[in-house]
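The chain contents come next:
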Amino acid sequence: MILVYINSANGLAKSAFETVTYGKKLGDVVVITNGNNSNETLSTLGEYGASKVLVDRNVDGEDAQQMTKLIAWAAQEIGAHTVIFSHDLIGKSVAARLSVRWNAGLISGAIALPDPDGSIRVNVFSGKAIGKVQVQTSNKIISLLPNSIQPEQTSSSCAVSEVNVNVEAAAIKVISTKKPEGEIPLPEAELVVSAGRGLKGPENWGIIEDLAKSLNAATACSRPVADIGWRPHHEHVGQTGVAIRPNLYIAVGISGAIQHLAGVNGSKVIVVINTDPEAPFFKAADYGVVGDAFEVVPKLTAALEEFKSAQY
Amino acid sequence: MKILVCISKSPDTTSKISFTDGNTKFDENGVQYIVNPYDEWYALVRALEIKETSGGQVTIITVGAAADDAVIRKALAIGADEAVRINADPKDAFYTALQIAHYARNNSFDLILTGKETINYNGSQVGGMIAESLDLPYVSIATKLDVNGNVLTLEREIVGGVQVIEVSLPTVVSCAKGMAEQRIPNMRGIMAARTKPLQVVEPTSVDELTKFIGYEIPNAKSTVKMIAPENMEELVRLLHNEAKVI
Ligand SMILES: Cc1cc2nc3c(=O)[nH]c(=O)nc-3n(C[C@H](O)[C@H](O)[C@H](O)COP(=O)(O)OP(=O)(O)OC[C@H]3O[C@@H](n4cnc5c(N)ncnc54)[C@H](O)[C@@H]3O)c2cc1C
Ligand SMILES: Nc1ncnc2c1ncn2[C@@H]1O[C@H](COP(=O)(O)O)[C@@H](O)[C@H]1O
């Protein structure tokens, strides 16, 4: 049996469908989740291969210790030999704890299904290399990097059962939560428009925001831009910022330093817009435009708007 | 307040990554090791700031071989009081975490800090594993940390936002950008680091749960397709028809 944990605080993220699809390729899948999604919403996980969803609505998902107890309980309950997480903020803390509690090897940041020899590929050296990891224990934990496999809808909805597990009181007390309204969270975004020092100043970000809006993309930036305060810290991508792997990454006025590339080189398609034909970023790009951002970006936005209006 | 800061080494961020022995071993030839930036810039510096305002002691711990002493001295030069090196090859995150947990259990600490992740194996595993072994709470990817008596007030990243939380000591926290500013060690610090205590502890027996059996370098991009700056319609067409991302 395969146990898949999904973090479903508000609706189901694409990563939920990815982890269930991944699990289904390895065996029969039961999902354990928490939070306040309706049974109707949760039952759609069946379409991706879950045979059953267990939900504990008393666990809010803020405390890694509680979550570990919930998932360990579910693993025992269904006799799971493999537990799968998405390698997101929750997966990163709970999968590690479960590895100790269950004495099971953890493959952290998996990017593919197991190879024939049972090893699983993970990103190492910030995406500059791929490592093949084997688990030495009979029980396994896999934490799957978002956007590594395509969700597949194969069957129909499944049953949802409510459970009420004794996870003890939470040690972590939430005082407040701030979510910027209307913005697309960077780690989940499939399309990202990013800009660097080439933009010259924060007052020039309008063209980047317009392009992002036209694509329905998230915005990101290079580190110096966040450090000087032109853009908020959570937009900083790279080795020391957020690592992302969107389908499309458009880099405007970013030189393509190795530390920047480390956070974005998992992107499926990279477009680079830069005045300098020698900018190192062109070596990592699929499409390149040598030109001034202040002219090229508005043109690109206009071309996109044109394209969109011709679509329907 | 006794703070334990977990320090790992990582290759300088500009290092060329390659492998030897039939792609089974990281090629250390010409690689410069630094203190993993998250451990140094955020975890260690914040620990020192807490000590400077409210007193206490900052101990750094590394699981590694004697060659890592140079990296440890660098962290001491920034201001840690003492260092512990568990004399073992950090085989995987589980092995590393259980060694650290074993040491921490016998030398009670109020707060254990790790970096968000190592920039070589990027697992984000060690902190959570230490916390589970010691049955302590774990706050991962914290961007702000304040101490009020026995209570920590923290900010942490959540999907698409930030959250303010409270947790009682003792606890384990992994540290990310925002928590502190990088400090450059000065000459006095470097001199003082030479004589600070560096205790070498032999490892305890821990199972190896995972094993790296080989590495690959991902294929380089096939050559970039250049598009004229006045022809953005062409770029849109390629992104739609060829790359199929819009
Ligand atoms: C340990 C360490 C960790 C680091 N981590 C990160 C990280 O996580 N993320 C990160 O981004 N950086 C990181 N850096 C910094 C990194 O090395 C680079 O300094 C940084 O990425 C450069 O940012 P940039 O490309 O915005 O600026 P620059 O390097 O100054 O590049 C600006 C680019 O804009 C182009 N340009 C100028 N005018 C225009 C115009 N009108 N139109 C179009 N293009 C124009 C220029 O040709 C140039 O290529 C790290 C560095 C270190 C040492
Ligand atoms: N060999 C090690 N010795 C001491 N601490 C380590 C070691 N490896 C990792 N850590 C700590 O654990 C954190 C997370 O590492 P990782 O789980 O490998 O991403 C690092 O930022 C360090 O603080």
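Observations concerning the site of ligand 1
Then, number 1: In the vicinity of ligand 1 there are 28 residues, among which Ser-222, Ser-255, Gln-259, His-260 and Asn-274 of chain A approach most closely.
Then, number 2: At ligand 1, the nearby residues belong to more than one chain, namely chains A and B.
Then, number 3: Between ligand 1 and the protein, one listed contact pairs an oxygen atom with a backbone N or O atom of Arg-223 of chain A at 2.9 Å.
Then, number 4: Elements with a minimum of two residues in the shell around ligand 1: helix H6 (223-227), helix H7 (258-264) and helix H8 (293-311) of chain A.
Then, number 5: Among the residues making up the shell around ligand 1, the classes are represented as 7 nonpolar, 16 polar and 5 charged.

As for the pattern of salt bridges
All names here are of chain B.
Then, number 1: The final tally for this structure, using the stated rule, is 26 salt bridges over all chains.
Then, number 2: Ionic pairing is found between Glu-40 and Lys-74, a salt bridge with its closest N-O pair at 3.4 Å. Taken as a pair, Glu-40 in helix H1 (residues 37-54) and Lys-74 in helix H2 (residues 69-78) lie far apart in primary sequence, 34 residues in all.
Then, number 3: Through salt bridges that share partners, Arg-46, Glu-49, Lys-144 and Asp-146 make up one connected network.

Observations regarding the sheet that holds strand E1 (residues 2-6) of chain B
Then, number 1: Strand order in the open sheet made by the 10 strands is E10(A)-E11(B)-E10(B)-E9(B)-E12(B)-E8(B)-E1(B)-E6(B)-E7(B)-E13(B), with mixed pairing throughout. Unpaired on one side and paired on the other, strand E10 (173-178) of chain A together with strand E13 (198-201) of chain B mark the two borders of the sheet. The average undirected angle you get between the axes of adjacent strands in this sheet is 30 degrees.
Then, number 2: Here strand E9 (residues 138-148) of chain B pairs with strand E10 (residues 151-158) of chain B via 6 bridges, running antiparallel. Within E10 of chain B, the residue paired with Asn-148 of chain B across the bridge is Val-151 of chain B.
Then, number 3: Here helix H4 (residues 89-102) of chain A sits on the sheet in contact with E9 and E10 of chain B, set at roughly 95 degrees to E9 of chain B.
Then, number 4: Contacts between helix H3 (residues 93-106) of chain B and the sheet are confined to E1, strand E6 (57-64), strand E7 (82-87), strand E8 (111-115) and E13 of chain B, with E6 of chain B contributing the most and set at about 145 degrees to the helix.

Quick word on the site of ligand 2
Residues and elements named next belong to chain B.
Then, number 1: Close to ligand 2 lie 19 residues, the nearest being Cys-6, Asp-39, Thr-118, Ser-124 and Gln-125.
Then, number 2: For ligand 2, an oxygen atom lies 2.5 Å from a polar atom in the side chain of Asp-39.
Then, number 3: Between ligand 2 and Ser-124 there is a distance of 2.8 Å, counted from an oxygen atom to a backbone nitrogen or oxygen.
Then, number 4: Starting from 490 Å² of accessible surface for ligand 2 in isolation, the protein chains cover 94%.
Then, number 5: Elements represented by at least two residues in the shell around ligand 2 include exactly E6, H3 and E8.
Then, number 6: Ranked by residue count, the leading element in the shell around ligand 2 is E6, at 3 residues.
Then, number 7: Residue composition of the shell around ligand 2, by class: 7 nonpolar, 10 polar and 2 charged.

What about the confidence of the model for chain B?
Then, number 1: Here chain B shows a mean pLDDT of 94. Residues at 70 or above account for 100%.
Then, number 2: Listed scores for the predicted complex are pTM 0.90 and ipTM 0.90.

Regarding H3 of chain B
An α-helix turns once per 3.6 residues; consequently, residues spaced three or four apart project the same way.
Residue and element names in this part refer to chain B.
Then, number 1: When the terminal C-alpha atoms of H3 are compared, their 20 Å separation across 14 residues agrees well with the 20 Å that a helix rising 1.5 Å per residue should span.
Then, number 2: Counting buried positions over the 14 residues of H3 gives 10, a clear majority of the element.
Then, number 3: Taken together, the buried positions of H3 are Ala-93, Phe-94, Tyr-95, Thr-96, Ala-97, Gln-99, Ile-100, Ala-101, Tyr-103 and Ala-104.

Topic: the sheet that holds strand E15 (residues 287-290) of chain A
The strands making up a sheet associate through hydrogen bonds between their backbones, and the pairing can be parallel or antiparallel.
Then, number 1: If you walk across this open sheet you meet the 6 strands as E12(A)-E11(A)-E13(A)-E14(A)-E15(A)-E15(B), and the pairing is parallel. Of all strands in the sheet, those with a lone pairing partner are strand E12 (218-221) of chain A together with strand E15 (225-226) of chain B, marking the two edges.
Then, number 2: Both strand E13 (residues 248-252) of chain A and strand E14 (residues 269-274) of chain A contribute to a ladder of 5 bridges, which runs parallel. Residue Ile-250 of chain A lies in a different strand from E14 of chain A, and its bridge partner there is Val-271 of chain A.
Then, number 3: Strands in contact with H8 of chain A are E13, E14 and E15 of chain A; relative to E14 of chain A, the strand with the most contacts, it is inclined by about 135 degrees.
Then, number 4: Against the sheet, helix H6 (residues 232-241) of chain B contacts E13, E14 and E15 of chain A together with E15 of chain B, and its axis sits at roughly 170 degrees relative to E15 of chain A.

Reading the values: rules and limits
- Residues numbered from 1 in each chain as written.
- Chains lettered and ligands numbered in written order.
- Predicted model: local features only at pLDDT ≥ 70, side-chain atom pairs only at ≥ 80, totals over all residues.
- Heavy atoms only, no water.
- Near = heavy atom within 4 Å.
- Polar contact = N/O pair within 3.5 Å; in protein donor to acceptor, adjacent residues only side chain to side chain.
- Helix = DSSP H or I, 4+ residues; strand = E, 2+ residues; numbered from the N terminus.
- Nonpolar A, V, L, I, M, F, W, Y, C, P; charged D, E, K, R; others polar.
- Salt bridge = Lys/Arg side-chain N within 4 Å of Asp/Glu carboxyl O.
- Pairing = 2+ DSSP bridges.
- Axes fitted to C-alpha atoms, helices over the stretch in contact; angles between N-to-C directions.
- Contact = heavy atoms within 4.5 Å.
- Areas by Shrake-Rupley, 256 points an atom, 1.4 Å probe, with all protein chains shown as cover.
- pLDDT = per-residue confidence, 0-100.
- Expected span 1.5 Å × (residues − 1).
- Buried < 20%, exposed > 50% of the residue type's maximum accessible area, 1.4 Å probe, protein only.

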